[in-house]
Amino acid sequence: MKTSVCSFTNVDEGFRQDVEFTPNGVFSVTVFPLGEAVAGTLMCGSLFEDMRRNYRREVLLSRRLARAGVVAQRFHYRGTGNSVGAPADIAWEHILDDARAAHERLRSQVGASQPLGYFGSAFGALVAIALGAGHREIPVALWEPVPDVPTYSRDLRRNELISNLADGSGTDRSAGLAPSDSVPPQIARRGDELSISSLAAPGLGPVFISRRGREGRKAATTVDAEVDKHTTSTTIRTYTDEPPWWSGAQVTVRSAGSKWRLLDDTSAWLRRETQKMSMPT
Amino acid sequence: MIVHEPLAIPMGDAHAFGILVRPEVEGPLSVLVLPGAGNFGNGGPALLGLSRRLATNGCATMRLDYLGMGESTGGITRLRANSPRVTDPHAAVEQLRQPGRTNLALVGLCYGARVAVETALETPDLAGLALLAPPLAAKGEIGASWTMRAFLRRVARPSRWRNLLQPEHRRTYAHVVRRFVTSRVRSRGTPPQARTPDTQRRPDAWFIEALEQLTARGVRVLFVAGDVDKCLADLQRPEADALRAKLTTPGSGMELAVVPGSVHTFRDQDVVDAVTDLVVEWSERIASTLP
């Protein structure tokens with residue numbers, strides 16, 4: 001695949017962003033601080049229906065991280081977003097391969113001595129945990145982590161049902177979940193194998209969990225308990241001013257520079273924890 | 001072999017982001033694809049798929065992320081269908097034209113179709129305009145709040161009642177009803193004019209006049225709707241008589257294509273494939289008339 005790199009700088013927001021397609025068609029974005037970088041973070045983005053809702057938040061988080069001196073590496077898994085491939089091609093092994101390749105790109109950008117952190121959003125939390133398991137020196141920040149694939153598939157179906165009823169804007173979603181918005185069968189079949197309890201078993205470094213509103217309390221309790229079993233420390237925050245997960249609100253009317261606690265707290269925690277890890281004990 | 005070029009389009013202090021997909025040997029027609037409103041752009045990945053198909057067919061094609069969305073920088077104010085944004089689409093048109101591409105077509109989905117019409121009015125030498133599920137009646141912000149009418153319409157569907165037999169659906173519906181009642185109680189003090197009036201659904205004259213102006217300039221218009229899309233129902237209203245007549249008259253410069261399913265959501269793969277085929281075939285017809 002032929003491609004080129006696009007780079008642009010925003011002085012006001014304090015970042016430089018490089019965008020490219022890798023030779024195997026993965027859409028890759030690296031966001032650099034304008035000053036010296038003190039750490040790097042691999043961002044495992046959300047997938048399926050959550051990708052539409054969370055995408056801009058993740059973009060803005062990567063820019064906040066850069067402003068805090070942390071290089072942020074984002075990517076779209078093959079078969080999703082801007083990357084090549086069809087939703088039918090999505091497989092857990094490909095997802096992990098793409099994440100590991102992004103990790104290598106990040107490592108080559110920040111150098112061997114800089115500390116790294118992982119970030120995972122919704123389904124991406126499972127990816128971040130799978131990569132971070134067994135590496136207690138790597139802090140992991142999670143946004144609304146899904147406890148396991150069966151629960152997540154059920155939540156996506158419920159979300160669609162509620163959106164059908166709640167959406168008075170003229171959107172007709174009678175067609176149901178599109179292949180790109182639902183968990184594909186090849187991943188759904190993995191069942192409990194793809195769950196926080198099994199993926200985190202080798203042990204995790206410090207973990208930050210954020211969630212929006214009070215929805216999904218039962219699942220949240222399960223996640224907290226499972227993460228707590230395997231981590232050195234857990235920080236949990238709830239943001240009630242965030243749009244609820246079922247609202248279908250897709251338009252994020254906030255600028256990158258505006259005050260946003262979810263973004264500020266996540267970027268500050270990742271910077272602080274990566275710096276702790278880089279200090280000699 | 002097609003080439004993927006991520007592009008940052010400078011706009012003052014901000015940058016609009018686009019992905020240009022082009023063949024190594026370009027044909028005479030270039031296309032700008034304008035997504036709907038949304039964090040990642042409604043139909044974003046599917047529209048990128050459309051761009052790749054068009055590029056394989058010889059058209060250099062750019063899909064734009066509006067300012068404040070996707071990978072672009074900047075913040076956004078409310079998106080209004082009755083005053084669609086034009087600054088970033090115009091910048092994208094200029095960017096697309098820079099290497100000597102003169103014949104352009106615009107493709108817009110939903111809100112992007114309104115943007116495409118507004119952009120087309122100020123774009124000379126435009127060859128074609130494809131409107132995918134364009135909102136004909138749009139006087140408000142994208143993403144209106146719940147209305148009693150919309151709620152009751154959805155509750156009245158037979159499938160909802162069938163679903164009540166299943167405990168999982170019952171819990172979900174109970175949750176929705178609680179939320180709905182809460183929102184209605186909270187909005188009791190809201191003045192009536194702040195709620196969405198039914199008159200919103202009248203096709204607005206601006207849109208219809210703009211299409212007439214464009215066809216008079218020789219722009220070929222393709223109107224694509226799904227058989228469940230609201231724009232198709234709006235097209236049957238008396239206010240849209242003239243537009244409907246043109247769309248169904250051969251040689252008028254406008255053509256209507258209806259596909260099964262929802263083009264508005266652009267999520268069902270069969271719909272995406274059908275619309276992609278239609279747009280590619282339409283672009284081939286336009287390209288065949290160009291020097």
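Examining the overall build of chain A
For step 1, the next point in the chain: Counting its secondary structure elements, chain A contains eight helices and ten strands.
For step 2, the next point in the chain: Across the 281 residues in chain A, those meeting the buried criterion constitute 62%.
For step 3, the next point in the chain: Split by element, the accessible area of chain A, about 10,100 Å² in all, is 50% carbon and sulfur.

A word on the sheet that holds strand β2 (residues 6-10) of chain A
Sheet strands line up and pair through hydrogen bonds in the backbone, either parallel or antiparallel.
Residues and elements named next belong to chain A.
For step 1, the next point in the chain: Overall, mixed pairing links the nine strands, which are arranged β2-β3-β4-β6-β5-β7-β8-β9-β10 in an open sheet. Sheet topology places β2 and β10 (234-239) at the edges, where each strand pairs with a single neighbour. For this sheet, the mean angle separating the axes of adjacent strands, direction not counted, is 15°.
For step 2, the next point in the chain: Pairing of strand β5 (residues 39-44) with strand β7 (residues 116-121) involves five bridges; the strand directions are parallel. Directly across from Cys44, in β7, lies its bridge partner Gly120.
For step 3, the next point in the chain: Seen against the sheet, helix α3 (residues 123-132) touches β5, β7 and β8 (140-143) and runs at an angle of roughly 150° to β7.
For step 4, the next point in the chain: Most of the contacts of helix α8 (residues 261-278) go to β8, to which it runs at about 165°, and overall it touches β5, β6 (70-75), β7, β8, β9 (207-212) and β10.

Regarding the sheet that holds strand β1 (residues 2-11) of chain B
For step 1, the next point in the chain: Read across the sheet, nine strands follow the order β1(A)-β1(B)-β2(B)-β4(B)-β3(B)-β5(B)-β6(B)-β7(B)-β8(B) without closing on themselves; strand pairing throughout is mixed. Pairing within the sheet leaves two strands with one partner each, and these edge strands are β1 (2-3) of chain A together with β8 (254-259) of chain B.
For step 2, the next point in the chain: The pairing of strand β5 (residues 103-109) of chain B with strand β6 (residues 126-132) of chain B spans six bridges and is parallel. Bridging from a neighbouring strand, B:Val107 pairs with B:Ala130 of β6(B).

Brief notes about the environment of A:Val140
All names here are of chain A.
For step 1, the next point in the chain: Tracing the sequence through the fold places Val140 in strand β8.
For step 2, the next point in the chain: Take Val140: its relative accessible area is 0%, and that puts it in the buried class.
For step 3, the next point in the chain: Contacts of Val140, omitting those with residues within four sequence positions, involve Tyr118, Ala128, Pro206, Val207, Phe208 and Trp269.

A closer look at the confidence of the model for chain A
All names here are of chain A.
For step 1, the next point in the chain: Summing up the model confidence of chain A, the mean pLDDT is 83 and the portion of residues at 70 or higher is 82%.
For step 2, the next point in the chain: When mean pLDDT is compared element by element in chain A, β6 scores highest at 98, while β1 scores lowest at 72.
For step 3, the next point in the chain: Scored below 50 in pLDDT, residues 167-177 makes 35 contacts in the model with residues more than four places away or belonging to other chains.

Let's talk about the nonpolar core
For step 1, the next point in the chain: B:Leu129 and B:Val263 are the most contacted members of the largest nonpolar core, which has 79 residues in total.
For step 2, the next point in the chain: No other element matches helix α10 (residues 269-289) of chain B, which puts eight residues into this core.
For step 3, the next point in the chain: Apart from the residues within four sequence positions on either side, B:Leu129 is in contact with B:Leu106, B:Ala116, B:Val117, B:Ala120, B:Leu211, B:Leu214, B:Val219, B:Arg220, B:Val221, B:Leu222 and B:Trp282.
For step 4, the next point in the chain: Counting 47 residues, the second largest nonpolar core, distinct from the first, contains A:Tyr77, A:Ile90, A:Phe123 and A:Val146.

Reading the values: rules and limits
- Residues numbered from 1 in each chain as written.
- Chains lettered and ligands numbered in written order.
- Predicted model: local features only at pLDDT ≥ 70, side-chain atom pairs only at ≥ 80, totals over all residues.
- Heavy atoms only, no water.
- Helix = DSSP H or I, 4+ residues; strand = E, 2+ residues; numbered from the N terminus.
- Buried < 20%, exposed > 50% of the residue type's maximum accessible area, 1.4 Å probe, protein only.
- Areas by Shrake-Rupley, 256 points an atom, 1.4 Å probe, with all protein chains shown as cover.
- Pairing = 2+ DSSP bridges.
- Axes fitted to C-alpha atoms, helices over the stretch in contact; angles between N-to-C directions.
- Contact = heavy atoms within 4.5 Å.
- pLDDT = per-residue confidence, 0-100.
- Core = buried A, V, L, I, M, F, W, Y, C linked by side-chain atoms within 4.5 Å.

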